[in-house]
Amino acid sequence: MASKNILPQDVEKRREILNAALEIFVQEGYFAAKGAKIAKAAEISEDQLFSYFETKEDLLHTIVDEAVHVLYDGLDPNEDGDLQEVELLFFINDYVDSIEKNLKFFKLFYALRLQPGVLPLYQQELDEIVSMKFDVLNEYFSKTGAADPEMETEFLTSMLDGIAMNFVLEPEGYPIEAMQQKVLNMYITKAEYEE
């Protein structure tokens, strides 16, 4: 369900509500979480909560949408559908940097994502959003001669997702910069980008 239009001055309150909802979903479990508890954590009334988001599921979909955009908006930044190597490298850097900059959000997001029964609530929507991004990667890998472009896309995104999950689990000891560079090195083909 789409969230209601909000005024610019409400953007910060909306952010506070999303953060509170994510924390409550993780602490209480998505299915046990109540609007009243989310509203209290966001320091608003339950009526105000549901003036920003129509339902608890709307909150969940907004959180998932935000996570996908934070991770994938760096892919094809000029949105021309024709990914260049420099854009792929930018995407890899942006993906990893986004995890580092939003560590608390992604700790909570992955915890929510792993709760039984939650993934099916947004899987179709997630697949639709991500499939558009994967199409751009598939096309890039096809034009660069990958034997199996779809598998190359799955491989790259699985590596990035694995790096993200490991960093979220152990941010202090995980060599995220070295992992980021390793992935970049796998996809650098032009000598001008090499260190």
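Quick caveat, the model's predicted, so the values are computed rather than measured.

Positionally, E87 belongs in helix α5 (residues 85-101). The charged side chain of E87 is buried without a salt bridge, its nearest counter-charge being K143 at 6.8 Å. At a separation of 3.5 Å, a polar atom in the side chain of E87 contacts the side chain of N78. In this view, E87 contacts G74, D76, P77, N78 and D82; residues no more than four positions away in its chain are not counted.

In this structure, D76 is a non-glycine residue whose phi angle is positive, near 55 degrees. As for its position among the elements, D76 is in the loop between α4 (56-72) and α5. Looking at D76, the relative accessible area reads 7%, which means it is buried. One non-glycine residue with positive phi stands out, namely E79, at about 55 degrees. In this fold, E79 is placed in the loop between α4 and α5. Residue class for E79 comes out exposed when judged on its relative accessible area of 71%.

This paragraph deals with the domain arrangement of the protein. In terms of domains, the protein is made up of domain 1 (1-54) and domain 2 (56-187). Placing a centre on the C-alpha atoms of domain 1 and another on those of domain 2 gives a separation of 25 Å. Tallying the contact residues gives 21 residues for domain 1 and 19 residues for domain 2. Buried surface at the junction of domain 1 and domain 2, summed over both partners, amounts to about 1800 Å²; 67% is from carbon and sulfur atoms. Our count for the domain 1 to domain 2 interface comes out at two salt bridges. Of the charged contacts, one joins E23 and K104 as a salt bridge, the two residues approaching to 2.9 Å between their closest N and O atoms. The interface formed by domain 1 and domain 2 holds nine residue pairs in polar contact (both at pLDDT 80 or more) in total. Contributions of two or more residues to the side of domain 1 that touches domain 2 are made by α1 (11-28) and α3 (46-52). Residue contributions to the side of domain 1 that touches domain 2 peak at nine residues, all from α1. Across the side of domain 1 that touches domain 2, the residue classes break down as 15 nonpolar, two polar and four charged.

With that settled, the discussion passes to the packing of helix α8 (residues 149-169) against helix α9 (residues 176-187). Any two packed helices are characterised by the angle at which their axes cross and by the distance between the axes. Running from N to C, α8 and α9 point in directions that differ by 170 degrees, and their axes come no closer than 10 Å. It follows that α8 is roughly antiparallel to α9 by the angle criterion. Note on element contacts: α9 touches α8 through I176, M179, V183, M186 and Y187, opposite E152, F155, L156, M159, L160, I163 and F167. Of the residues belonging to the contact of α8 with α9, the class tally is eleven nonpolar, no polar and one charged.

Secondary-structure assignment places T62 in helix α4. Given a relative accessible area of 12%, T62 falls into the buried group. Of the polar contacts made by the side chain of T62, one reaches the backbone oxygen of D58; its length is 2.8 Å.

It is worth spelling out the nonpolar core at this point. By size, the foremost hydrophobic cluster in this structure holds 63 residues, and its most contacted members are F25, L88 and L156. Of the domains in this structure, domain 1 (1-54) and domain 2 (56-187) are the two that each give at least three residues to this core. If near-sequence neighbours (up to four positions away) are discounted, L156 is found in contact with L88, F91, I92, L137, F141, V183 and Y187.

What counts, and where the lines are drawn
- Residues numbered from 1 in each chain as written.
- Predicted model: local features only at pLDDT ≥ 70, side-chain atom pairs only at ≥ 80, totals over all residues.
- Heavy atoms only, no water.
- Helix = DSSP H or I, 4+ residues; strand = E, 2+ residues; numbered from the N terminus.
- Buried < 20%, exposed > 50% of the residue type's maximum accessible area, 1.4 Å probe, protein only.
- Lys, Arg positive; Asp, Glu negative; His and termini not counted.
- Salt bridge = Lys/Arg side-chain N within 4 Å of Asp/Glu carboxyl O.
- Polar contact = N/O pair within 3.5 Å; in protein donor to acceptor, adjacent residues only side chain to side chain.
- Contact = heavy atoms within 4.5 Å.
- Domains from an automatic or database assignment.
- Buried area = accessible area lost by both parts, 1.4 Å probe.
- Nonpolar A, V, L, I, M, F, W, Y, C, P; charged D, E, K, R; others polar.
- Axes fitted to C-alpha atoms, helices over the stretch in contact; angles between N-to-C directions.
- Parallel < 35°, antiparallel > 145°, perpendicular 65-115°, else oblique.
- Core = buried A, V, L, I, M, F, W, Y, C linked by side-chain atoms within 4.5 Å.

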